[in-house]
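Spelled out, the chains give:
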Amino acid sequence: MNPRLNHPRGLQMLALMLFTTLLAGCGINNIPTLDEQAKAAWGQVQNQYQRRADLIPNLVETVKGYAQHEQETLTAVIEARAKATSIQVDASTLDNPEKLKQFQQAQDQLSGALSRLMVVSERYPDLKANQNFLALQSQLEGTENRIAVARRDFILAVQKYNTEIRTFPGRLWHSVLYSDLPIRETFEATSPNAEKAPEVKF
């Protein structure tokens, strides 16, 4: 037998190594890892909504040049964008279901206002042929698709995280080490077919 293992210090080191190996293999790090993945997925959702918000001023200005008397619709888009961007959210929003719901509702209102703007644009053939408008159309369509993908990825990340802290052994580690991490809320469909990207037609 190795004489070092007979020494109390050697036995302690061996026990510590075995304990560390057991902990690493039993999922002790799963909860913080999944929590960080959910936060990263949320960050991507915010990123895509911001991308959409950044496109809207140019879109509104382009439409205004061809459809000035559609002021009510244009104003609705501007106001919905202002409301959506005024709700300050970050990773801590995941711990605040009410704020998450407010954010979601504001984004849904903006989606509705944009849809009404697209209907208005159908009445103006010159607008639909404008190159700037066509470029904005393409960017907006791509952004709506990215929003749908980002939301889906966030929902899946939250599902994995919630499952981990509600099942064994994650439930055990949650109660012992990570009790400050709550069950996460996710997006809920607030309108028919909300899980699909809006069809943006110009």
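All figures in this text were calculated on a predicted structure; none of them were measured in a lab.

What counts, and at which threshold
Counting starts from 1 at the beginning of each chain's written sequence and moves along it residue by residue. Where totals are concerned, whole chains, interfaces and linings use all residues; where local detail is concerned, this predicted model gives features only for residues with pLDDT of at least 70, and gives and counts side-chain atom pairs only at 80 or more. Values shown for side chains rest on all heavy atoms present in the structure; no hydrogens or waters enter the calculation. Here, nonpolar core refers to any group of buried Ala, Val, Leu, Ile, Met, Phe, Trp, Tyr and Cys residues whose side-chain atoms link them within 4.5 Å. Exposure categories follow from relative accessible area, calculated using a 1.4 Å probe and restricted to protein chains: below 20% of the type maximum is buried, above 50% is exposed, and the middle band is partly exposed. For helices the rule is a DSSP run of H or I covering at least 4 residues; for strands it is a run of E covering at least 2, with both sets numbered from the N terminus onward. Working rule for contacts: check all heavy atoms of both residues, and any pair within 4.5 Å makes them a contact. For Phe, Tyr and Trp, where Trp contributes only its six-membered ring, two rings pair if their centres lie within 6.5 Å, and the inter-plane angle classes them as stacked under 30 degrees, edge-to-face over 60, or tilted in between.

Colleague: Describe in detail the nonpolar core, supporting the description with residues and values.
Modeller: If you look at the biggest cluster of nonpolar residues, it comprises 38 residues, and the most contacted ones within it are Trp42, Leu59, Val63 and Phe154. When contributions to this core are tallied by element, the ones reaching two or more residues are helix H3 (30-66), helix H4 (71-86), helix H5 (97-121) and helix H7 (131-166). The element contributing the most residues to this core is H3, with ten residues. With near-sequence residues (within four places) excluded, valine 63 lies in contact with Leu74, Leu117, Leu127 and Phe133.

Colleague: Pulling in residues and values, what's your account of the packing of aromatic side chains?
Modeller: What the rule picks out here adds up to three aromatic pairs. Pairing tryptophan 42 with phenylalanine 154 gives two aromatic rings, centres 5.4 Å apart and planes at 50°, and the pair type is tilted. Of the two residues, tryptophan 42 is situated in helix H3 and phenylalanine 154 in helix H7; the sequence distance between them amounts to 112 residues. Of the residues examined, tryptophan 42 reaches a relative accessible area of 0% and is grouped as buried. Residue classification places phenylalanine 154 among the buried residues on the basis of a relative accessible area of 0%.

Colleague: Quick one: what's the story with the environment of arginine 166, residue by residue and with numbers?
Modeller: Mapping arginine 166 onto the fold places it in helix H7. Each C-alpha atom, one on arginine 166 and one on isoleucine 183, is 8.7 Å from the other, the two residues being 17 residues apart in sequence. Not counting the four nearest positions on each side in its chain, arginine 166 is found in contact with Arg171 and Ile183.

Colleague: Explain the side chain of threonine 73 to me, and be specific about the residues and the numbers.
Modeller: With respect to the helices, strands and loops of the structure, threonine 73 is situated in helix H4. Sequence-distant contacts of threonine 73, that is, excluding residues within four places in its chain, are made with Arg116, Leu117 and Val120.

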